[in-house]
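So you can see what is in the structure, the chains are spelled out below.
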Amino acid sequence: MAVDGAADTIPESLFRTGRGEPLLLLHGALLTWESWIPVLDDLAADYSILAPTFPGHRGGPEPAQRPAVFTSLVDHCERLLDESDWPTAHIAGNSIGGWVAFELAARGRARSVTAIAPAGLWRTPDSAGALLRKFRTFGPLLGLGADRTPAVPGMLRSLLLPLLAHRPAAVPNQLAKAMAAAVSYCTVTDDLAEDPFLPTGFDLSTLDVPTTILLPGHDRVLPPHIYAPLTPTPLIEIHPLPDTGHIPMLEAPAPITTAIRATIARANASPKP
């Protein structure tokens, strides 16, 4: 099974593939489930995969409420778990998808969590503010927000890819085009940027499932100074991802599949209540 992102084709609102234990894959803000394309074939060999696109993102459903808020993304994913008859699932999330994964775990819906460059682990509430200021600086250049004209595709890719990948040339061309297409058609960017819940962040001490946090070495979206000090625990492992940017599976899928598999293996080896 091979999946290729296509910039001129709007993706389905969710993608299912594989057979095995349930695995929910959650993308980052502005993008779509297509950001997981480089790891799908590998993971589908052993897991039943559900990869949705968040409401208000390209190809995703309309938001259930406006303004759209962060917790509505969590609610949407929980409904998908219910509709899939998955009481729990292993969950991997990137960026804001990592934060959604944490929140689903706090609701008792996760067997394990693999969080890749996760949002929500703020050093201070102002760390979220710094991220929003960066968003507002780059937003007009990328054509983000209401009543803004999308940038010329080639220009958009040249602006966007260095934010997402440390080695933009390593990202397959079709996938790069799909990522650029997604950004310009996200309709909830302003809503999420104004959500007063964002500075709250997530308290890792509330997690009770095996968790792996992966921190790319060259993350230009969530650089190290934004994170609170992270300390490993018997449940939480923290690993660097050298030579990768904010969405490492675009340029280095193998370390991502390895980490997801290792986290699931830890969960399966843990004593069951």
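Above this text you will find the structure in question.
Scope of this entry: the structure provided in the associated data block. (Residues numbered from 1 in each chain as written. Predicted model: local features only at pLDDT ≥ 70, side-chain atom pairs only at ≥ 80, totals over all residues. Heavy atoms only, no water.)

## Observations concerning the side chain of Thr 211
Point 1. Structurally, Thr 211 is set in strand E6 (residues 211-216).
Point 2. Residue class for Thr 211 comes out buried when judged on its relative accessible area of 0%.
Point 3. For Thr 211, the side chain forms a polar contact with the main-chain oxygen of Val 209, separated by 3.0 Å.
Point 4. Excluding its chain neighbours within four sequence positions, the residues that come into contact with Thr 211 are Phe 102, Val 113, Leu 235, Ile 236, Glu 237, Thr 263 and Arg 266. (Helix = DSSP H or I, 4+ residues; strand = E, 2+ residues; numbered from the N terminus. Buried < 20%, exposed > 50% of the residue type's maximum accessible area, 1.4 Å probe, protein only. Polar contact = N/O pair within 3.5 Å; in protein donor to acceptor, adjacent residues only side chain to side chain. Contact = heavy atoms within 4.5 Å.)

## Observations regarding helix H8 (residues 253-269)
Point 1. Between the first and last C-alpha of H8 there are 25 Å, a value that for 17 residues agrees with the 24 Å anticipated at 1.5 Å per step.
Point 2. When we look at burial in H8, the residues that qualify are Ile 256, Thr 257, Ala 259, Ile 260, Thr 263, Ile 264, Arg 266 and Ala 267. (Expected span 1.5 Å × (residues − 1).)

## Some details on the pairing of strand E1 (residues 14-17)
Point 1. Because side chains alternate across E1, one face comprises the buried residues Phe 15 and Thr 17, and the other comprises Leu 14 and Arg 16, none of which is buried.
Point 2. Pairing analysis gives four bridges linking E1 to strand E3 (residues 47-52), with the strands arranged antiparallel. Paired with Leu 14 across the two strands is Pro 52, which belongs to E3. (Pairing = 2+ DSSP bridges.)

## With respect to the nonpolar core
Point 1. Among the nonpolar cores identified, the biggest contains 84 residues, and Leu 25, Trp 36, Ile 49, Val 100, Phe 102 and Ile 256 are the most heavily contacted of them.
Point 2. Apart from the residues within four sequence positions on either side, Trp 36 is in contact with Leu 25, Leu 26, His 27, Ala 92, Gly 93, Asn 94, Ile 116, Met 249, Ile 256 and Ile 260. (Core = buried A, V, L, I, M, F, W, Y, C linked by side-chain atoms within 4.5 Å.)

## With respect to helix H2 (residues 70-83)
Residues spaced three or four apart along an α-helix face the same direction, because each turn holds 3.6 residues.
Point 1. Along its 14 residues, H2 runs 21 Å from first to last C-alpha, staying within 8% of the 20 Å computed at 1.5 Å per residue.
Point 2. Burial in H2 covers these residues: Phe 70, Ser 72, Leu 73, Val 74, His 76, Cys 77, Glu 78, Leu 80 and Leu 81.
Point 3. Looking one or two residues past H2, Asp 85 carries a phi angle of roughly 60°, positive in sign.

## So, the environment of Lys 177
Point 1. Within the fold, Lys 177 resides in helix H6 (residues 173-184).
Point 2. Distance from Lys 177 to Leu 161, taken between C-alpha atoms, is 9.6 Å for residues 16 residues apart in sequence.

## Side note on the packing of aromatic side chains
Point 1. Scanning all chains against the criterion turns up six aromatic pairs.
Point 2. With 5.8 Å between their ring centres and 15° between their planes, Phe 70 and Phe 197 make a pair best called stacked. Of the two residues, Phe 70 is situated in helix H2 and Phe 197 in the loop between helix H7 (189-193) and E6; the sequence distance between them amounts to 127 residues.
Point 3. Aromatic side chains Phe 102 and Phe 202 sit 5.2 Å apart centroid to centroid with 15° between the ring planes, which places their arrangement in the stacked category. With Phe 102 in helix H3 (residues 96-106) and Phe 202 in the loop between H7 and E6, the pair connects residues that are 100 residues apart, well separated along the chain. (Phe/Tyr/Trp six-rings, centres within 6.5 Å; stacked < 30°, edge-to-face > 60°.)

## Describing unusual backbone geometry
Point 1. Cis geometry is found at the peptide bond from Arg 66 to Pro 67, where omega equals 0°.
Point 2. Positive phi, close to 60°, is recorded for Asp 85, a residue that is not glycine.
Point 3. Looking at the element boundaries, Asp 85 is found in the loop between H2 and strand E4 (89-94).
Point 4. Not every positive phi belongs to a glycine, and Asp 243 is a case in point at roughly 60°.

## Quick notes on the pattern of salt bridges
Point 1. One pass over the structure, following the stated rule, counts 10 salt bridges.
Point 2. Linking Glu 78 and Arg 109 is a salt bridge whose minimum nitrogen-to-oxygen distance equals 3.1 Å. A residue pair is termed long-range when its members are at least 10 positions apart, and Glu 78 in helix H2 and Arg 109 in the loop between H3 and strand E5 (110-116) qualify at 31 residues. With respect to burial, Glu 78 and Arg 109 carry one shared label: buried.
Point 3. In this structure, a network of salt bridges that share partners links the residues Asp 75, Glu 78, Asp 82, Arg 107 and Arg 109. (Salt bridge = Lys/Arg side-chain N within 4 Å of Asp/Glu carboxyl O.)

## Some words on the sheet that holds E4
Point 1. Taken together, seven strands build an open sheet; the order of strands is E1-E3-E2-E4-E5-E6-E7 and the sheet is mixed. This sheet does not close on itself; its edge strands, each paired only once, are E1 and strand E7 (236-241). When the angles between neighbouring strand axes are averaged without regard to direction, this sheet yields 15°.
Point 2. Taken together, the four bridges between strand E2 (residues 21-26) and E3 define a ladder with parallel strand orientation. (Axes fitted to C-alpha atoms, helices over the stretch in contact; angles between N-to-C directions.)

## Quick notes on the side chain of Thr 53
Point 1. Looking at where Thr 53 falls in the secondary structure, it is placed in the loop between E3 and H2.
Point 2. Given the relative accessible area of 1%, Thr 53 is considered buried.
Point 3. Within the local environment of Thr 53, its side chain forms a polar contact with the backbone nitrogen of Trp 33, the two atoms lying 3.2 Å apart.
Point 4. If sequence neighbours within four positions are ignored, Thr 53 has contacts with Glu 12, Ser 13, His 27, Leu 31, Thr 32, Trp 33, Arg 58, Gly 60, Pro 61 and His 76.

## Looking at the packing of helix H1 (residues 37-44) against H8
Point 1. Where H1 meets H8, the closest approach of the two axes is 9 Å, and the angle between their N-to-C directions is 45°. With respect to H8, the axis of H1 lies oblique. Between H1 and H8 lies a crossing whose hand is right-handed. Across the interface between the two elements, Pro 38, Val 39, Asp 42 and Leu 43 of H1 pack against Pro 253, Ile 256, Thr 257, Ile 260 and Arg 261 of H8. (Parallel < 35°, antiparallel > 145°, perpendicular 65-115°, else oblique. Left-handed = near helix turned anticlockwise from the far one by under 90°.)

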